[in-house]
Amino acid sequence: MSRPQPPIAMLAELTHVCPLACPYCSNPMELTKKSDELDTATWARVFAQAADLGVLQLHLSGGEPAARRDLVELVKAARDAGLYTNLITSGVGLTEAKLTALDAAGLDHVQLSVQGITAALADRIGGYKGGFERKMHVAERIAEIGFPLTLNAVMHRHNLDDLPATIALAQRLGARRIEVACVQFHGWAEANRGQLQPTADQVHAAKATVEAERERLKGALVIDFVAPDWFSDFPKACMGGWGSTGLNITPAGDVLPCHAAESIPSLEFANITQASLSDIWYDDAAFNAFRGTDWMPPLCQSCDRRDIDFGGCRCQAMAIAGDAKATDPICRKSPDRAKVDALLNVAPSEAPFVYRGRV
Amino acid sequence: MKDASVPCLPRGVRLHYDKVRQTHVLLGPERALILDDISHVILSELDGTRSVGAICATLAERYAAPVEQITTDTLALLTDLAHKRLLDHV
Ligand code: SF4
Ligand code: SF4
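It should be emphasised that the depicted structure is a prediction, and the values quoted were computed from it without experimental measurement.

### Describing the overall build of chain B
A tally of helices and strands in chain B yields three helices and five strands. In chain B, the order of α-helices and β-strands from amino to carboxyl end is β-β-β-β-α-α-α-β. Scaling as 2.2 N^0.38, a compact globule of 90 residues should have a C-alpha radius of gyration of about 12 Å, and chain B matches this with 13 Å. With the C-alpha coordinates aligned to their principal axes, the bounding extent of chain B is approximately 35 × 25 × 20 Å. The buried share of chain B, reckoned over its 90 residues, is 42%. In chain B, the share of contacts with a sequence separation of at least 24, taken over all contacts with a separation of at least 6, comes to 54%. Each charge sign in chain B was given a centre, from 10 positive and 12 negative side chains, and these centres are 9 Å apart.

If you want it as structure tokens, here you go:
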């Protein structure tokens, strides 16, 4: 295997603390306690190591990153290291004073999540009354300061039909970009599959909406849409391949090749307090586990799409086929494709959401 | 985008020298574009006051190159960036 290229992006999960309780939470089943979080000085050291390694983009995320009292200091440390800093937030807990301080610290960009286009739906999804209204206030303040804004919309059965209105909301809030993603059923979301899984018709309609809106809003709003691959013949590529473009750091300092990597029980992760980021990126066993093509099953090894989709998503293979080394079960050639179809046939359920518990 | 347009990099989009890859890059929301020498020279000229035409005239003189060629390259680059919302213009 040739030496990997340096990473471009790093996701720093500063904390698992979050005021919301979304039923599709993508944080791991096992949340990190506040007392086990990395401290300010350690994060600052990690940011400097990341920049030296070649990381250009830093995403500050959580949980809710605004729940960290040292958020402003962390942004300053990241900018001092030379990183492009992006804050991924629900907006709850971002006071006016904090936004002003983040501006002074050099924050480059804000990504604001929305759970729905009305207070009734958004607050029901987030499990937090008054959340939507707070978010709209934060959005106004963001616009006043002039931070470039991306709206993050996580879509599912209850809001996918609102996609045109969600795009309109992004425009009304002055966003330059909107990121539309469908719920992924790894981890917590699994317990809410019947409640959240959109229908095939909804997904097809969303694809058509995105195509038309992209054309109409060219130069005004960028629409990034990651359509779920459930109804496709082939899996989505895993961002240029496992361990090829980015890395993740958990609140406690574990370094992961992908945000969902902890769902693969055979992997063990190095901790940033024990090794340098560079040693981990180039030499850690978890990063090398699915690099290149040697690990692939013969089905993928001999396939002409091998270097296009890299055998698909390792976490999806784990979750559905029960084996992280299997061909992504989305693939029509996979012996496990029937398991995907069975899951897609799970009847829509009106049962109450199973909300994410708090730390 | 026309000759008379005045382009600028909006807040949140900036030039950066990547010392690891030893190249200039343009950083923006979820984007890191590797710039070739020509693109870097053009983007370094944007000051929010001069028009595309004025910038191209400066570059044509500095590099003793035909202004038509430079204008074509510049308009193509800036239009593409504007579509990606990495560039504003009035
Ligand atoms: S067999 Fe493997 S490489 Fe080929 S399309 Fe399916 S997942 Fe991709
Ligand atoms: S392994 Fe799957 S979940 Fe992880 S980054 Fe790749 S595609 Fe995403």
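### Brief notes about the sheet that holds strand β8 (residues 246-249) of chain A
Residues and elements named next belong to chain A. Spatial strand order, β7-β6-β5-β4-β3-β2-β1-β8-β9: nine strands in an open sheet with mixed pairing. Both edges of this open sheet fall to β7 (222-226) and β9 (255-256), since each of them pairs with a single strand only. Sheet analysis places strand β5 (residues 149-155) next to strand β6 (residues 177-182), joined by six bridges and oriented parallel. The residue of β6 that forms the bridge with Ala153 is Val180.

### Brief notes about the site of ligand 1
All residues in the neighbourhood of ligand 1 are listed as Phe234, Pro235, Leu299, Cys300, Cys303, Arg305, Arg306, Asp309, Gly311, Thr327, Cys331 and Lys333 of chain A. Within the residue set of the shell around ligand 1, elements represented by two or more residues are α11 (298-301) and α12 (306-309) of chain A.

### Overview of the interface of chain A and chain B
With 33 residues of chain A at the contact, the number on the chain B side is 21 residues. At the boundary of chain A with chain B, total buried surface from both sides reaches about 2100 Å², with 50% on carbon and sulfur atoms. When the area that chain A buries against chain B is broken down by residue, the three leading residues are Leu56, Tyr84 and Arg176 of chain A, summing to 31%. On inspection of chain A and its partner chain B, the count reaches two salt bridges. Arg14 of chain B is the salt-bridge partner of Asp108 of chain A, the closest N and O atoms lying 2.8 Å from each other.

### Some thoughts on unusual backbone geometry
Across the junction of Gly62 of chain A and Gly63 of chain A, the peptide omega takes the value 10 degrees, indicating a cis bond. As for its placement among the helices and strands, Gly63 of chain A is situated in the loop between β2 (57-61) and α2 (71-81). Even without a glycine there, the phi angle at Gln22 of chain B is positive, about 55 degrees. With respect to the helices and strands, Gln22 of chain B occurs in the loop between β2 (14-18) and β3 (23-28). With a relative accessible area of 61%, Gln22 of chain B lands in the exposed category. The backbone of Ala64 of chain B sits at a positive phi, close to 45 degrees, despite the residue not being glycine. We classify Ala64 of chain B as exposed; its relative accessible area is 71%.

### Quick look at the nonpolar core
By size, the foremost hydrophobic cluster in this structure holds 68 residues, and its most contacted members are Met10, Trp43, Phe47 and Leu277 of chain A. Beyond its immediate chain neighbours, meaning those up to four positions away, Met10 of chain A contacts Val46, Phe47, Ala50, Val55, Gln57, Leu58, His59, Leu247, Ile249 and Leu277 of chain A. Among the nonpolar cores identified, the runner-up in size contains 18 residues, and Leu43, Val52, Cys56 and Leu81 of chain B belong to it.

### As for the sheet that holds β2 of chain B
Residue and element names in this part refer to chain B. Spatial ordering of the open sheet is given by β2-β3-β4, a layout of three strands whose pairing is antiparallel. Of all the strands in the sheet, the pair left with one neighbour each is β2 and β4 (31-34). With strand direction ignored, the average angle separating the axes of adjacent strands in the sheet is 35 degrees. Of the strand pairs in this sheet, β2 and β3 are connected by five bridges, and their pairing is antiparallel.

### Concerning the packing of aromatic side chains
All names here are of chain A. Tallied over the full model, the rule gives seven aromatic pairs over all chains. Here Phe185 and Trp230 contribute two aromatic rings whose centre-to-centre distance is 5.8 Å and whose plane-to-plane angle is 40 degrees, an arrangement assigned as tilted. Taken together, the positions of Phe185 in the loop between β6 and α7 (193-196) and Trp230 in the loop between β7 and β8 put the pair 45 residues apart, joining distant regions of the chain. Ring centres 6.2 Å apart and planes at 75 degrees place the aromatic pair Trp230 and Phe231 in the edge-to-face group. The class for Trp230 is buried, based on a relative accessible area of 9%. For Phe231, a relative accessible area of 25% translates into the label partly exposed. Pairwise contacts between aromatic rings join Phe185, Trp230 and Phe231 into one cluster. Directly above the ring of Trp281 sits Arg291, whose terminal nitrogen or CZ lies 4.9 Å from the centroid.

How each quantity is defined
- Residues numbered from 1 in each chain as written.
- Chains lettered and ligands numbered in written order.
- Predicted model: local features only at pLDDT ≥ 70, side-chain atom pairs only at ≥ 80, totals over all residues.
- Heavy atoms only, no water.
- Helix = DSSP H or I, 4+ residues; strand = E, 2+ residues; numbered from the N terminus.
- Rg over C-alpha atoms; globule rule 2.2 N^0.38 Å.
- Buried < 20%, exposed > 50% of the residue type's maximum accessible area, 1.4 Å probe, protein only.
- Contact = heavy atoms within 4.5 Å.
- Lys, Arg positive; Asp, Glu negative; His and termini not counted.
- Charge placed at Lys NZ, Arg CZ, Asp CG, Glu CD.
- Pairing = 2+ DSSP bridges.
- Near = heavy atom within 4 Å.
- Buried area = accessible area lost by both parts, 1.4 Å probe.
- Salt bridge = Lys/Arg side-chain N within 4 Å of Asp/Glu carboxyl O.
- Core = buried A, V, L, I, M, F, W, Y, C linked by side-chain atoms within 4.5 Å.
- Axes fitted to C-alpha atoms, helices over the stretch in contact; angles between N-to-C directions.
- Phe/Tyr/Trp six-rings, centres within 6.5 Å; stacked < 30°, edge-to-face > 60°.
- Lys NZ or Arg CZ within 6 Å of the ring centre and 35° of its normal.

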